[in-house]
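Structural characterization, general
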Amino acid sequence: MARTILVVEDEPQIASLLTDYLSIAGFEAKTLADGRDALAAALSGEFDLVLLDAMLPGMDGFEILARMRESCETPVIMLTALREDADKVRGLGLGADDYVTKPFSPSELVARVRNRLDRYARLTNLTTGPEAEPGRWMADGDVEINVASKRARCRGAEVTLTAKEFELLVAFMRNPDRVFTKDDLYAKVWGSDHFGDVSTVAVHIRRLREKIERDPANPSRIETVWGMGYRWKLP
Ligand code: CA
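The sections below set out a description of the structure shown in this document. In this text, all values refer to a predicted model and were calculated from it rather than measured experimentally.

So, how was this worked out
- Residues numbered from 1 in each chain as written.
- Predicted model: local features only at pLDDT ≥ 70, side-chain atom pairs only at ≥ 80, totals over all residues.
- Heavy atoms only, no water.
- Helix = DSSP H or I, 4+ residues; strand = E, 2+ residues; numbered from the N terminus.
- Contact = heavy atoms within 4.5 Å.
- Areas by Shrake-Rupley, 256 points an atom, 1.4 Å probe, with all protein chains shown as cover.
- Core = buried A, V, L, I, M, F, W, Y, C linked by side-chain atoms within 4.5 Å.
- Buried < 20%, exposed > 50% of the residue type's maximum accessible area, 1.4 Å probe, protein only.

1. Digging into the overall build of the protein
Of regular secondary structure, the protein possesses eight helices and twelve strands. Partitioning the intrachain contacts of the protein with sequence separation of at least 6 by distance along the chain shows that 54% fall at a separation of at least 24. As displayed, the protein has an accessible area near 11400 Å², and 50% of this comes from carbon and sulfur atoms.

2. Observations concerning the nonpolar core
Counting 26 residues, the largest nonpolar core has Ile145, Leu169, Phe172, Leu185, Ile205, Ile222 and Trp232 as its most contacted members. Sorting the residues of this core by element identifies β7 (143-146), β8 (151-154), α6 (163-174), α7 (182-190), α8 (200-212) and β12 (229-232) as the ones contributing at least two each. Take this core: its biggest share by element is six residues, from α6. Beyond its immediate chain neighbours, meaning those up to four positions away, Leu169 contacts Val143, Ile145, Ala152, Leu161, Leu208, Ile212 and Trp232. Counting residues in hydrophobic clusters, the runner-up holds 22 residues, among them Ala54, Met59, Phe62 and Ala96.

Here you go:
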């Protein structure tokens, strides 16, 4: 079945250009111009990826993305008209998977769509697909995890992680490049019903770094994004 892309773009020319390129590449594309309609569509679960313009009538792309990320991990590529908006996408840590600045090359954008879909499919397999089979390991650089047996290896050697450290590692590896705030990680790993303290996140990150980083004092995988949180860096 063709993978379906939601194109959220209020400029008709750009929307139809994108739809054309995506159809030629074998995707199905649906276009919406209004922000509120787009949020509802994005949350419907019908789409494999969302191309999201930043400036929209109704509700802007940043707010749509933030609302989406409360409950949904569908890959999102933001389209921004301004360099400052691109910085905002990155800086806010809203969980965009990628962004492009207008004017962009449609063929390059299609390549990025394909790349993001492939990566997402691979990482989703971690928990639901063949990757979750016993004995199946998934590697990202020198870090490997086995979700079924909750084991991790680093540079070929088994590392012993606590349940929470393992869940943190899975959250990072499933969302490379995404900036997680401490609150995000706390909600993801500890859950909203846990009567704890968000400061525990930093403690667990430190321990995880000690176990997987080559030089825990200068981490190369779990990067600190000052004033924001943490990001899993690709090798
Ligand atoms: Ca626009």
